[in-house]
Amino acid sequence: MGIRVEFNPDLALRNFEEYTAGRRQMEECLPEVLEAGRVYDFLKKEQRLYWLLGELPLVETKGDQKLSLPLASVVIVEVTHTLVIGEVWTKGKYKVVEVFAGSKVHFNGFVKV
């Protein structure tokens, strides 16, 4: 028996409309307005590990690993694993370093370009 853990090279959240439609909690979604310098909460199902020593891309997910281009560069400032009704969840806080516009490449793997 092992411990199921997912390593995430990015922070992938759902569109804010998933929250307004009642399908997701607010912390599972991108904020309605994304601002550089602000700290936001996040919530992901299952036990996930993130790189904490630098910037990583914030992307939108539609599920099944369908990801957008990076929307912003963020730093994970806090992360905790917790049990909610017998299920493992990962929650934390991220700080937005820079919000991106357009389709210019901003990351090459873990390296911010």
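**Student:** Mind showing me how you'd approach the sheet that holds strand 5 (residues 56-60) here?
**Tutor:** Pairing between sheet strands relies on hydrogen bonds along the backbone, with the strands arranged either parallel or antiparallel. Pairing in this open sheet of five strands is mixed, and the strands run 2-5-6-7-3 from one edge to the other. The open sheet has two free edges, formed respectively by strand 2 (11-13) and strand 3 (39-45), since each of these has just one partner strand. This sheet shows a mean twist of 35° between the axes of neighbouring strands, independent of strand direction. Two elements, strand 2 and strand 5, share three bridges in a ladder whose sense is parallel. Directly across from Leu11, in strand 5, lies its bridge partner Leu58.

**Student:** Would you mind showing me how to read the pattern of salt bridges here?
**Tutor:** Should their charged atoms come close, side chains of opposite charge can pair. Counted by the stated rule, this structure contains eight salt bridges. Residues Glu6 and Arg48 are paired through a salt bridge, measuring 3.2 Å at the closest nitrogen-oxygen approach. Of this pair, Glu6 sits in strand 1 (residues 6-8) while Arg48 sits in strand 4 (residues 48-50), and the two are 42 residues apart along the sequence. The partly exposed category is assigned to Glu6, whose relative accessible area is 33%. Put simply, Glu28 and Arg24 hold a salt bridge, and the shortest N to O gap is 3.3 Å.

**Student:** Looking at this structure, I do not really get the side chain of Lys44. What am I missing?
**Tutor:** Mapped onto the elements of the fold, Lys44 is located in strand 3. No salt bridge forms around the buried Lys44; measuring N to O, its nearest opposite-charge neighbour Glu6 is 6.9 Å away. From its side chain, Lys44 meets the backbone oxygen of Ala12 in a polar contact 2.5 Å long. In contact with Lys44, other than residues within four places in its own chain, are Ala12, Leu13, Tyr50, Trp89 and Thr90.

**Student:** Would you mind showing me how to read the environment of Phe16 here?
**Tutor:** Here Phe16 is to be found in helix 1 (residues 16-20). With 86 residues separating them in the primary sequence, Phe16 and Gly102 have C-alpha atoms 20 Å apart. Leaving out residues up to four positions away in the same chain, Phe16 has contacts with Cys29, Leu30, Pro31 and Glu32.

Basis of the calculations
- Residues numbered from 1 in each chain as written.
- Predicted model: local features only at pLDDT ≥ 70, side-chain atom pairs only at ≥ 80, totals over all residues.
- Heavy atoms only, no water.
- Pairing = 2+ DSSP bridges.
- Helix = DSSP H or I, 4+ residues; strand = E, 2+ residues; numbered from the N terminus.
- Axes fitted to C-alpha atoms, helices over the stretch in contact; angles between N-to-C directions.
- Salt bridge = Lys/Arg side-chain N within 4 Å of Asp/Glu carboxyl O.
- Buried < 20%, exposed > 50% of the residue type's maximum accessible area, 1.4 Å probe, protein only.
- Lys, Arg positive; Asp, Glu negative; His and termini not counted.
- Polar contact = N/O pair within 3.5 Å; in protein donor to acceptor, adjacent residues only side chain to side chain.
- Contact = heavy atoms within 4.5 Å.

Just geometry here; none of it tells us what the structure is for.
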